Amino acid sequence: MGNRQKLVYIETLGCQMNKSDSERILGILSSIGYDETEELRDADLLIVNTCNIRQLSADKAYSRLGRWGQMKEHRDIKIAICGCVAQQDAEKVFKRAPYVDLVFGTHNIYELPNLIKRTETETNVCSIHKKQFEADETAFTPVRKEGLNAWIPIIEGCDYFCTYCVVPYVRGRQRSRKIEDIIQEAKNVVKQGYKEITLLGQTVDSYGRDFNDGKTTLALLLRELAKIEELLRIRFVTSYPTDITDELIETVRDLDKVYKYFHIPMQSGSTEVLNRMKRRYTREEYLNICNKIRSQVPNVTITSDFIVGFPGETEEQFQESMTIIDEAQLDYSNTASYSPRKQTPAATWKADYIDHPTKKRRLQIINAKVKDYSLHSNKKYEGKILETIVEGIKIENGETILTGRSINEKIVHAKGDFDESVIGTLVQVKITEGSHWCVKGEVV
Ligand code: SAH
Ligand code: SF4
Ligand code: F3S
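These numbers were taken from a predicted model, which means no experiment stands behind them. (Residues numbered from 1 in each chain as written. Chains lettered and ligands numbered in written order. Predicted model: local features only at pLDDT ≥ 70, side-chain atom pairs only at ≥ 80, totals over all residues. Heavy atoms only, no water.)

Asks: Which parts of the structure should I look at to understand the side chain of arginine 64?
Replies: Tracing the chain through its elements places arginine 64 in helix 2 (residues 55-72). Arginine 64 sits in the buried class, given a relative accessible area of 14%. If sequence neighbours within four positions are ignored, arginine 64 has contacts with Glu11 and Val48. (Helix = DSSP H or I, 4+ residues; strand = E, 2+ residues; numbered from the N terminus. Buried < 20%, exposed > 50% of the residue type's maximum accessible area, 1.4 Å probe, protein only. Contact = heavy atoms within 4.5 Å.)

Asks: Help me out: how do you make sense of the pattern of salt bridges in this one?
Replies: All chains considered together, the criterion is met by 33 salt bridges. The partner of glutamate 409 in a salt bridge is arginine 405, with the nearest N and O atoms 3.0 Å apart. Through salt bridges with shared partners, a single ionic network connects Glu23, Arg24, Arg144, Arg177 and Glu185. (Salt bridge = Lys/Arg side-chain N within 4 Å of Asp/Glu carboxyl O.)

Asks: Please explain the packing of aromatic side chains as it appears in this structure.
Replies: Two aromatic rings, taken as a pair, are described by how far apart their centres are and by the angle between their planes. The full count for this structure, using the stated rule, is 13 aromatic pairs. Seen in terms of ring centroids, tyrosine 9 and tryptophan 68 are 6.1 Å apart; in terms of plane orientation they differ by 85°. Their pairing is edge-to-face. Note that tyrosine 9 is positioned in strand 1 (residues 6-12) and tryptophan 68 in helix 2, a separation of 59 residues in sequence. Owing to a relative accessible area of 17%, tyrosine 9 belongs among the buried residues under this scheme. Seen from their ring centres, tyrosine 281 and tyrosine 286 are 6.0 Å apart, and the 35° between their planes marks the pair as tilted. Taken as a pair, tyrosine 281 and tyrosine 286 share a single burial class, namely buried. A connected cluster of aromatic rings, assembled from ring pairs, spans Tyr164, Phe310, Tyr338, Trp349 and Tyr353. Here the guanidinium or amino end of arginine 96 rests over the ring plane of tyrosine 62, the centre of that ring lying 3.7 Å away. Lying across the ring of tyrosine 259, arginine 233 places its NZ or CZ 4.8 Å from the centre. (Phe/Tyr/Trp six-rings, centres within 6.5 Å; stacked < 30°, edge-to-face > 60°. Lys NZ or Arg CZ within 6 Å of the ring centre and 35° of its normal.)

Asks: How should the site of ligand 3 be read in this particular structure?
Replies: Looking at ligand 3, the residues that line it are Cys15, Asn18, Cys51, Asn52, Ile53, Cys84, Arg171 and Gln202. Taken together, the residues of the shell around ligand 3 sort by class into four nonpolar, three polar and one charged. (Near = heavy atom within 4 Å. Nonpolar A, V, L, I, M, F, W, Y, C, P; charged D, E, K, R; others polar.)

Asks: How should the sheet that holds strand 4 (residues 78-83) be read in this particular structure?
Replies: The strands that make up a sheet are held in pairs by hydrogen bonds between backbone atoms, and each pair lies either parallel or antiparallel. The parallel open sheet is built from six strands, whose spatial order is 2-1-3-4-5-6. Two strands close off the open sheet at either side, each with one partner strand: strand 2 (34-36) and strand 6 (125-127). Strand-to-strand twist in this sheet, taken as the mean axis angle between neighbours without regard to direction, amounts to 20°. Strand contacts of helix 5 (residues 112-119): strand 2, strand 3 (45-50), strand 4, strand 5 (102-104) and strand 6, with the helix running at about 160° to strand 5, the strand carrying the most contacts. (Pairing = 2+ DSSP bridges. Axes fitted to C-alpha atoms, helices over the stretch in contact; angles between N-to-C directions.)

Structure below.
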């Protein structure tokens with residue numbers, strides 16, 4: 001190590017799993033003398049943590065590298081790429097971007113100290129092998145972003161191989177973390193002052209299945225975590241529809257600290273399309289799961305994801321994605337138009353590809369629907385009281401407004417008389433107005 005602290009700039013693209021990985025990467029780098037900087041021009045090491053879910057995300061990664069490559073002509077910096085594009089492209093990255101010093105995959109972040117050292121004497125260092133490195137998690141502390149919420153990954157990878165999706169290829173098979181390790185990490189973050197945790201996994205509700213011990217489930221984990229006294233809130237994302245058990249629904253209903261919130265991507269409202277996507281449920285089964293949750297958990301919020309323009313999707317099948325939003329009362333949905341991904345089966349169905357203008361039109365139509373439904377969903381709460389965790393306060397036109405999250409995952413803006421000390425506490429908010437993307441009210 002030199003006589004001054006080195007600085008790392010990390011840009012994170014993609015999902016919360018990637019954001020959580022970046023926090024771990026910063027923790028590991030801190031143990032070898034790197035501090036994070038938000039200033040690109042100060043950094044000695046630049047890292048882009050990439051997402052590969054759609055072509056646009058992957059393109060973004062290479063455009064960052066391009067810009068950084070130009071900076072390298074004038075300054076002595078190291079450039080690294082990791083995450084889901086790095087995992088799939090491996091050495092091919094160097095063909096497109098020869099100035100890159102280090103490519104490391106999604107299973108290789110614990111090797112970083114050694115990899116960084118190698119870049120001092122070698123060019124084009126690459127480590128993407130998938131053998132899980134037995135990490136000593138106590139050797140470093142993730143450098144988390146400030147705020148109330150801490151992300152805790154509980155499952156890596158995915159076993160489902162939906163025909164459009166790159167995740168199993170870039171993140172590997174499902175591996176649940178040990179329950180003791182998760183509980184310990186939760187206790188640590190609470191000690192650091194975090195009030196809320198978000199448990200992460202691509203199919204988070206299948207937690208523990210790979211242990212085959214007949215007892216470790218997400219419900220059990222939630223019950224254990226709820227015992228941590230100063231922890232106020234727990235959420236989990238993302239749920240796979242058919243892995244939501246009665247035990248899980250009852251646990252969400254019964255534990256006060258657990259968000260009354262399920263994110264359950266449906267992807268398509270058409271059973272035929274679901275079949276070709278290799279999702280393991282029909283339209284009716286998805287609907288039944290939503291109905292069951294609504295009948296058990298009052299005020300529950302259910303959100304979803306949809307892909308439009310999947311190969312072969314007819315106009316009628318697209319309309320089935322529109323109608324399910326009403327039928328299943330989906331409070332909000334993320335939407336995307338289908339993007340072919342390398343290695344995935346659907347990408348080879350070229351004859352069935354939907355043309356770009358059609359995909360674009362369907363996306364606009366479904367987005368308008370989602371926006372309408374979101375307003376409708378938020379209006380349902382007018383007159384009701386929602387318990388809210390306060391995330392921040394701001395002054396607007398001389399009035400103090402707090403921002404926070406209700407127990408059913410709505411963004412809340414509320415008027416009241418309070419100061420900074422209210423941040424991180426629970427308040428009761430009477431909702432007076434539901435708007436498109438939030439609910440507004442007054443603290444009671
Ligand atoms: N594990 C989650 C989804 C993870 S990927 C699940 O099973 O639902 C996040 C979202 O990206 C998906 O829900 C899907 O809507 C979208 N997505 C994934 N692959 C895509 C592709 N090839 N084209 C467009 N959208 C895609
Ligand atoms: Fe991708 Fe399907 Fe796994 Fe979700 S369940 S990560 S969509 S393969
Ligand atoms: Fe993207 Fe990888 Fe997440 S592909 S969505 S960053 S798991």
